[in-house]
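If you want the building blocks of each chain, they are given just below.
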Amino acid sequence: MDYKIAIAKLLSEHIEALSYEEILNLVEHPKNKDMGDFAFPCFKLAQAYRKAPVKIAEDLKLALASNEIFENVTAVSGFLNFTLNQEHFIKTILTEVLTQGADYGKSTIGEQKKVIVEYSSVNIAKPFHMGHIRSTMIGESLNRIYKFLGYDTVAINHLGDYGTQFGKLIVAYKLWGNKEVIEADPINELLKIYVRFHNEAEEKPELDDEARAWFTKLENSDEEAVELWTMFKEMSLKVFDRVYGLLGVTFDSYAGESFYSDKMPGILTELRTKHIVQKSEGAEIVDLEPYGMPPALITKKDGSSLYMTRDLAAAKFRKDYYNFDKNIYVVGSAQKLHFQQWIKIIELMGYAWHKDCIHVEFGMVSLEEGSLSTRKGQVVFLEDVLQKAIEQTQSIINEKNPNLVGKEEVARQVGVGAVVFQELYTSRTKDYSFSLEKTLSFDGETGPYVQYTHARACSVLRKAGSTEAIEISKIDFSKLDDEASKEVVRLLSKYNESIVIAHRNYEPHTIARFVVELAQNFNRFYHDNPILVDDENVKTARLAIVKAVKIVIESALHLVCLEAPEQM
Ligand code: ARG
């Protein structure tokens, strides 16, 4: 039951000056809880009725006949305040959670809508470092959130697998590469020869010419060039898939930059015939000065294509192929201008769907001193951070709960979950500094704290022998008349709303914060209310809350990409 809708329906029977939708949009949660559970401000009606809002609120209150869903309705300073009938409210919400189970909180707002979420988009032959956690996890979470709301989603990893750097890598490999050595540790070894290329090219600029020639060969599908490039790509993907496996991240498509190489001529022709590009010193650019932006480089002097051009081709392809309603890019704020530029160019090309291309940007992640041993300037591999988190969790488990069954698996779920949760708990636009120690804490606002609360709920249900469904008709909801119970149920009722807000703002942290608040309030409830008591009615009613909380924590954790072990 959606109380906002119920209130709006009731009000619209008595208000003609506003449409049902307008009324619905005005129904709010009062800031002060003493003012009731919902409020309706009457100020917008003053002009239509030529009456003071205070008087309108009073008249409306009289018109609303008593209704079983409200304890009372009051008129205060131009607001109508609704206090829900507690027993009715608790019964409605718990019944919904317990009968809908894992579907509770879903909605149909995304039905028939296609959304592309592009995320992670790491670069071949380069480290998958700690900085990549942001795009990877914000994107994976948004993908899960959109899916949960009924959208048809496509998760794309726009791999950085093209560009002149691959010409350099081919030259470096032919000069100093050793297949066995590279296979044993692909990313580090490929990086080593790439760095060596740069150092030597400073003395021998002819290396750069060779590299350009090899990239041109690659663009022209030269057999040897393609073979080497494919090898680099496959070796890198093997390493990346290990990291995605640890994180539980999956994609529907790995169409990276190279995928668009044969779509480049088409986009260039279109830009030329629409007179959007102009020649500039042998290259082609789009003048964006009228829009307050520097020019966008579309082709280089030697005719080779660029990152920008590939993004134009990719967007056009995605529109043609998927016909998206929304095309989301989870990419750091450092590329803000790049996205503004190419989305502007799509607009100049006459495509109204430029509005549906959304750059979901995020701030930087840094590492708190001492939290990971790293020499200055060296990148920190994400896989190493995850392994360290798993190891430390393992030793905590060995100390606190050495007989736990499946403890290796739990260590992975909790260790990785801790890192992921800290990432998503911060608002994405903020920079943050990562600390492994804080992340792994079982107290405070952390992943392990929420997972532990879930395991605690599971343990209570096991002890009560009620891991199976609880029969709703046997629950006496009047037994749940304390404040802690009411607060837990109030939060459960707001689950869908927090998901909808998260998807609207592209902010998984709304759900991360929601689930921490739910866990905190559940622990308060658990502390105040003994559950396994002799009074069967009280026990069953309290177990209903435990079960409902277990369902919603597990569901919310999934949306922020954490697993929910039943024992820890
Ligand atoms: N591979 C790029 C990088 O690491 C990110 C790609 C972002 N996505 C895009 N469509 N441009 O910087």
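Our subject is the structure listed above.
All values derive from a computational prediction rather than experimental measurement.

A. Expanded view of the site of the ligand. Around the ligand, the neighbouring residues are E118, S121, N123, H158, Y307, D311, Y329, V331, Q335 and F339. Taking N123, its side chain carries an N or O atom lying 2.7 Å from a nitrogen atom of the ligand. In this structure, Q335 approaches the ligand through a side-chain N or O atom, which is 2.9 Å from an oxygen atom. In isolation the ligand exposes 350 Å². Once the protein is present, 85% of that is buried. Residue composition of the shell around the ligand, grouped by class: four nonpolar, four polar and two charged.

B. Layout of the pattern of salt bridges. Within this structure, the stated rule accounts for 32 salt bridges. Between E189 and K192 there is a salt bridge, with its nearest N and O atoms 3.2 Å apart. One end of the pair is E189 and the other is K192, both in helix α9 (residues 186–203) and three residues apart, which spans about a single turn. The exposure class assigned to E189 is buried, which follows from its relative accessible area of 17%.

C. Structural detail: unusual backbone geometry. In the Ramachandran plot, S221 falls in the positive-phi region, its phi being about 60° despite a non-glycine side chain. Following the sequence through the fold, S221 ends up in the loop between α10 (206–219) and α11 (223–247). A residue is classified by how much of its surface remains accessible, and S221, at 55% relative accessible area, is exposed. Located in the positive-phi region is N323, a residue other than glycine, with phi close to 45°.

D. Looking closely at the sheet that holds strand β3 (residues 79–84). Spatial ordering of the open sheet is given by β1-β3-β2, a layout of three strands whose pairing is antiparallel. Two strands lie at the open edges of the sheet, namely β1 (38–41) and β2 (70–76), each paired on one side alone. Strand-to-strand, the axes of this sheet are offset by a mean angle of 15°, without reference to chain direction. Note: β2 against β3, six bridges, orientation antiparallel. Residue pairing across strands places A75 opposite L80, the latter belonging to β3.

E. How the structure looks around helix α20 (residues 495–505). Those residues of α20 that sit buried are Y495, S498, I499, V500, A502 and H503. The inward-facing, buried residues of α20 contact α6 (133–148), α19 (483–493), α21 (509–528) and α22 (536–559).

F. Expanded view of the packing of helix α16 (residues 407–425) against α21. One can describe the packing of α16 onto α21 by two numbers: an axis separation of 8 Å at closest approach and a directional angle of 115°. Compared by their axis directions, α16 and α21 come out roughly perpendicular. Across the interface between the two elements, F421, L424 and Y425 from α16 touch H509, A512, R513, V515 and V516 from α21. A per-class count over the contact of α16 with α21 returns six nonpolar, one polar and one charged.

G. Representation of the pairing of strand β9 (residues 326–330). In terms of burial, β9 is a largely internal element, four of the five residues being buried. With four bridges joining them, strand β4 (residues 114–118) and β9 adopt parallel strand pairing. What sits directly across from V117, in β9, is I328. In the sheet, β9 pairs with strand β10 (residues 357–360) via four bridges, with the strands oriented parallel. For Y329, the partnering residue across the bridge sits in β10 and is H359.

H. Fine view of the side chain of E383. Inspection of the secondary structure puts E383 in helix α15 (residues 382–400). Take E383: its relative accessible area is 15%, and that puts it in the buried class. Residues within four places of E383 in sequence aside, it is in contact with V239, R242, V243 and L246.

I. Fine view of the side chain of N523. Tracing the backbone shows N523 in helix α21. By relative accessible area, N523 is classed as buried at 13%. Here N523 is in contact with Y449, T453 and R456, once residues within four sequence places are set aside.

J. Up close: α15. The end-to-end C-alpha separation of α15 is 27 Å, in line with the 27 Å expected for 19 residues at 1.5 Å each. Residues of α15 that are buried include every one of L382, E383, V385, L386, A389, I390, T393 and I397, and no others. Each buried residue of α15 sits inside an arc of 160° when the element is viewed along its axis, so together they form one side. Exposed side of α15, more than 90 degrees from the buried face: E391 and E399 are the residues found there. Among the structural elements, α6, α11, α16, β12 (432–434) and α17 (436–439) are those in contact with the buried residues of α15.

Definitions and cut-offs
- Residues numbered from 1 in each chain as written.
- Predicted model: local features only at pLDDT ≥ 70, side-chain atom pairs only at ≥ 80, totals over all residues.
- Heavy atoms only, no water.
- Near = heavy atom within 4 Å.
- Polar contact = N/O pair within 3.5 Å; in protein donor to acceptor, adjacent residues only side chain to side chain.
- Areas by Shrake-Rupley, 256 points an atom, 1.4 Å probe, with all protein chains shown as cover.
- Nonpolar A, V, L, I, M, F, W, Y, C, P; charged D, E, K, R; others polar.
- Salt bridge = Lys/Arg side-chain N within 4 Å of Asp/Glu carboxyl O.
- Helix = DSSP H or I, 4+ residues; strand = E, 2+ residues; numbered from the N terminus.
- Buried < 20%, exposed > 50% of the residue type's maximum accessible area, 1.4 Å probe, protein only.
- Pairing = 2+ DSSP bridges.
- Axes fitted to C-alpha atoms, helices over the stretch in contact; angles between N-to-C directions.
- Contact = heavy atoms within 4.5 Å.
- Parallel < 35°, antiparallel > 145°, perpendicular 65-115°, else oblique.
- Expected span 1.5 Å × (residues − 1).
- Arc of directions from axis to C-beta.

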